[in-house]
Structures are given as structure tokens and as C-alpha cells.
Amino acid sequence: MTDNKKVVEIIKVMAEIIHENAQFLTDLDAPIGDNDHGINMDRGFQKVLEDLPGIENSDIGSILKKTGMDLVSTVGGSSGPLYGTAFMKAGAAVAGKNEIDADDFIDIMEAAVGGVQLRGKAEQGEKTMLDAMIPAVNAIKKGVDAGKSPSEFLADGVQAAKEGVEYTKTIIATKGRASYVGERSIGHQDPGATSFTLLLESIAALY
Amino acid sequence: MVGIVIVSHSKKLAEGVVELSRLISGECPIVAAGGLEDGGFGTSYERIEAAIESVYSDDGVIVIMDMGSSCMTTEMVIENMEGKRIEMVDCPMVEGAAAAAAESEGGSSLEEVKKAAMEAAGESKF
Ligand SMILES: Nc1ncnc2c1ncn2[C@@H]1O[C@H](COP(=O)(O)OP(=O)(O)OP(=O)(O)O)[C@@H](O)[C@H]1O
Ligand SMILES: [Mg+2]
């Protein structure tokens, strides 16, 4: 499905898409958060981009791990330790591999969800990035089991993530900064669920 | 003495808590890790790590955080400083820091300093 060169390409697209959507993500964070999600994510991915040349020839596990470490050290908001742990756990799931298949990809996505849950102790339904991540991973798994191609199962994942983002509009935040605004968080989509969807779309864009 | 680190999204808030604690316990090794490198709001892995190292001794260090990423980032720093005596304390920042600093200055152990900070949560102000 992917070799390490392609993983590097994917991460570059992620950085690009996050950069293009930085203002949009920050604006989503204004009514229910502290108006910084896009700024945070962009700062993190710019650092990732800067460090990519040094790790381009490493194995996929190392590339993902380094990406996670950069996010932890530069994002500056909750999305830093959360996405950082997600990438680091994803890297650990494919440690030493230069080539991965669809099953490895599922391992990566499950490890990422596990990382976010380990760090943030949230469940599905608390209006966080998990509300996009968990349905996306389930849809991807279903697609892989049905023998679909990467472009098909990634499209299924993106579709499920988008539905997850829509769902976040209907619920009250009980984790993270948005939990302070309580009921007033209804009607607003979660910034982190939205950024996850953009990251998954970045992967899908190359298939 | 047990070291104390105050982690906040705000540089000013972290420094203020340290300042206030030092008024009472001038000898206690208490430092701030507030805001980002550029002084903006947020939590910085590097600043927290450096702050812990700056007050670390065999007596150990306690870390008091504000909310959200302060706790998550501190947790990651501690995980990566394996084998050292560093503990996060879930307590009110101002009262917990003042109580912990006084306890530390008196030469108490890490457990006692932590307990003093935690007990600050149950005390009513008036
Ligand atoms: N405990 C958690 N578990 C999962 N996701 C979370 C959690 N807390 C926050 N998030 C996600 O992080 C997003 C916000 O990221 P952002 O970069 O704006 O951090 P922040 O909330 O400003 O951080 P801070 O904790 O420093 O205030 C939310 O939209 C949500 O998806
Ligand atoms: Mg925010």
C-alpha cells in the first residue's frame, strides 16, 4: 500500500492542507475553545515539515515517531500531546517497516486511536477528535475486510469522519476546553474532529 | 528540598504563583514553566522539561498544573524522564503551591509535600 517515500509525501500534504485550513480551524475553535487550534496545528506541522529532510530515508515507524515528537514539542495545545501520542503509537505499531499493507494501516489507525485515548482519557461522544477517528477507523476496517482498494476504503474512512464531524455539532462537550462552555457548545463542530478529517483526506488524496 | 514546578498556559500566571509562594517560603526551589517559548499562551514540552531539571534533586519534584494540555504535556515529559522521582499533583494551583512550598522548605519528603498540596483542595477560605 505504502513505502516510506510515500509516507513522507503524505506528511507533506498533511502539512500543506493544515496550513491552508489554519484560519478555518482556528475560527472553529473560537466559539467553543480558545481560538488557537489552527495556529497550533500549523505551528506543529511546519516544524514536522522542517525536520522531514533529515528522516526521509528512515523506516516508516521512525518517520511517524519523529512526526509525533515534533507535534508534542511544538503544538502547544491539547492537540499536541494527543496527535503526538497518536503518531508515536502509530510509529511503534509499524516499527522497522519500510513497506506497509492495508492490515498494517489498520494497525496504525487503531494505535492512533489508542494513543489519543491513553492521553486524553475520552470516549466516543464527548465532542472530541475521537468522534471522527473511531467511525473512520471502523469504516476503513470494514472496507479492508470487504477487499476494497486503498482509494475505496480511504474514501469510506473520510466519509465516516465527515459524518462524525456533523455528529459533534449535536452533542455537548464533556472533555477539553470546550467542556467549559457546556450546553453552548451545541451547534458547533469540534475543531479536533475537523482537523483529523483533514489529515485523513490528506492520505486519501494520494490514492 | 523537594522541587516544585508550576505549569500554566500563561507565563504571567505561572510566574505569579511562584512569586506568591516565595513570599512565604523563600528558600524552596520553586520555578515556573508558563506559556510558549515566544511568551504566547500554551504549554511547552521543552520549558516544562527544563524547569523540572532545574529544581531536580534526589528529594524529587512535584508538578502543579492548570488544565488540559498542561497536564497531558507534563505527563509526557515525566514519562520520558523515566526513573526519576517526579509526581503530578491534582490540587488548586495557588493554594496547593503555597502549601507545598512551605512543606518543602521545612525539609519534608516528596510524599509529605504532595499531601500538603492535596490537602489544600479541601480547605475553605472563609
Ligand atoms: N481529552 C481529550 N481527548 C480527545 N480529544 C481532545 C481532548 N481534549 C481536547 N481534545 C481535542 O483537541 C481539540 C482542541 O485542540 P487545541 O489545539 O485547540 O487545544 P486546546 O484545547 O486549546 O488545548 P489546551 O488544553 O492547551 O487549552 C478539540 O477540538 C478536541 O478535538
Ligand atoms: Mg484551542
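Refer to the structure printed above.
Residues numbered from 1 in each chain as written. Chains lettered and ligands numbered in written order. Predicted model: local features only at pLDDT ≥ 70, side-chain atom pairs only at ≥ 80, totals over all residues. Heavy atoms only, no water.

**Considering empty space enclosed by the protein**
All names here are of chain A.
- All told, the structure shown has 1 cavity of 30 Å³ or more when counted by the stated rule.
- Taken as a whole, the largest cavity encloses approximately 330 Å³ of empty space.
- What lines the largest cavity is a set of 23 residues, and nearest its centre among them are Met 14, Phe 87, Ile 108, Met 109 and Ile 203.
- Looking at the lining of the largest cavity, the elements that each hand over two or more residues are helix H1 (4-20), helix H4 (60-74), helix H5 (79-93), helix H6 (102-120) and helix H9 (191-204).
- Counted by class, the lining of the largest cavity contains 22 nonpolar, 1 polar and no charged residues. (1 Å grid on protein atoms, 1.4 Å probe; cavity = no way out; pocket = protein on both sides within 12 Å on 5 of 7 lines; lining within 4 Å. Points joined across faces, edges and corners; volume = space filled by probe spheres on them. Helix = DSSP H or I, 4+ residues; strand = E, 2+ residues; numbered from the N terminus. Nonpolar A, V, L, I, M, F, W, Y, C, P; charged D, E, K, R; others polar.)

**Let's talk about the coordination of the magnesium ion (ligand 2)**
- Every protein donor of the magnesium ion (ligand 2) is listed here as A:Asp29 (OD), A:Asp34 (OD) and A:Asp36 (OD), and their distances to the metal cover 2.0 to 2.3 Å.
- Considered as a linear motif, the donors of the magnesium ion (ligand 2) on their single chain read D-x4-D-x1-D. (Donors = N, O, S within 2.8 Å, 3.2 Å for Na, K, Ca; no water.)

**Remarks on the state of the cysteines**
All names here are of chain B.
- Applying the stated criterion to the full structure yields 0 disulfides over all chains.
- Note on Cys 71: no disulfide assigned, nearest cysteine sulfur contributed by Cys 91 at a separation of 10 Å.
- Using a relative accessible area of 25% as the deciding quantity, one classes Cys 71 as partly exposed. (Disulfide = S-S within 2.5 Å. Buried < 20%, exposed > 50% of the residue type's maximum accessible area, 1.4 Å probe, protein only.)

**Some points on the layout of surface pockets**
- A volume near 810 Å³ is recorded for the largest pocket.
- The set of elements that each furnish at least two residues to the lining of the largest pocket consists of helix H2 (22-32), helix H3 (37-51), H5, H6 and H9 of chain A together with helix H3 (69-80) of chain B.
- Element by element, the count of residues in the lining of the largest pocket is highest for H3(B), at 4 residues.
- By residue class, the composition of the lining of the largest pocket is 14 nonpolar, 16 polar and 10 charged.
- Looking at the second largest pocket, its volume works out to about 180 Å³.
- Lining the second largest pocket are A:Lys65, A:Thr85, A:Met88, A:Lys89, A:Ala92, A:Leu118, A:Arg119, B:Met76, B:Glu79 and B:Asn80.
- Elements with a contribution of two residues or more to the lining of the second largest pocket: H5 and H6 of chain A together with H3 of chain B.

**Details of the packing of H4(A) against H5(A)**
All names here are of chain A.
- Running from N to C, H4 and H5 cross one another at 165°; their axes reach a closest spacing of 7 Å. Relative to H5, the element H4 lies roughly antiparallel. In this structure, H4 crosses over H5, and the sense of that crossing is left-handed. Contacts from Gly 61, Leu 64, Lys 65, Thr 67, Gly 68, Met 69, Leu 71 and Val 72 of H4 reach H5 at Gly 80, Pro 81, Tyr 83, Gly 84, Thr 85, Phe 87, Met 88, Ala 90 and Gly 91.
- By residue class, the composition of the contact of H4 with H5 is 9 nonpolar, 7 polar and 1 charged. (Axes fitted to C-alpha atoms, helices over the stretch in contact; angles between N-to-C directions. Parallel < 35°, antiparallel > 145°, perpendicular 65-115°, else oblique. Left-handed = near helix turned anticlockwise from the far one by under 90°. Contact = heavy atoms within 4.5 Å.)

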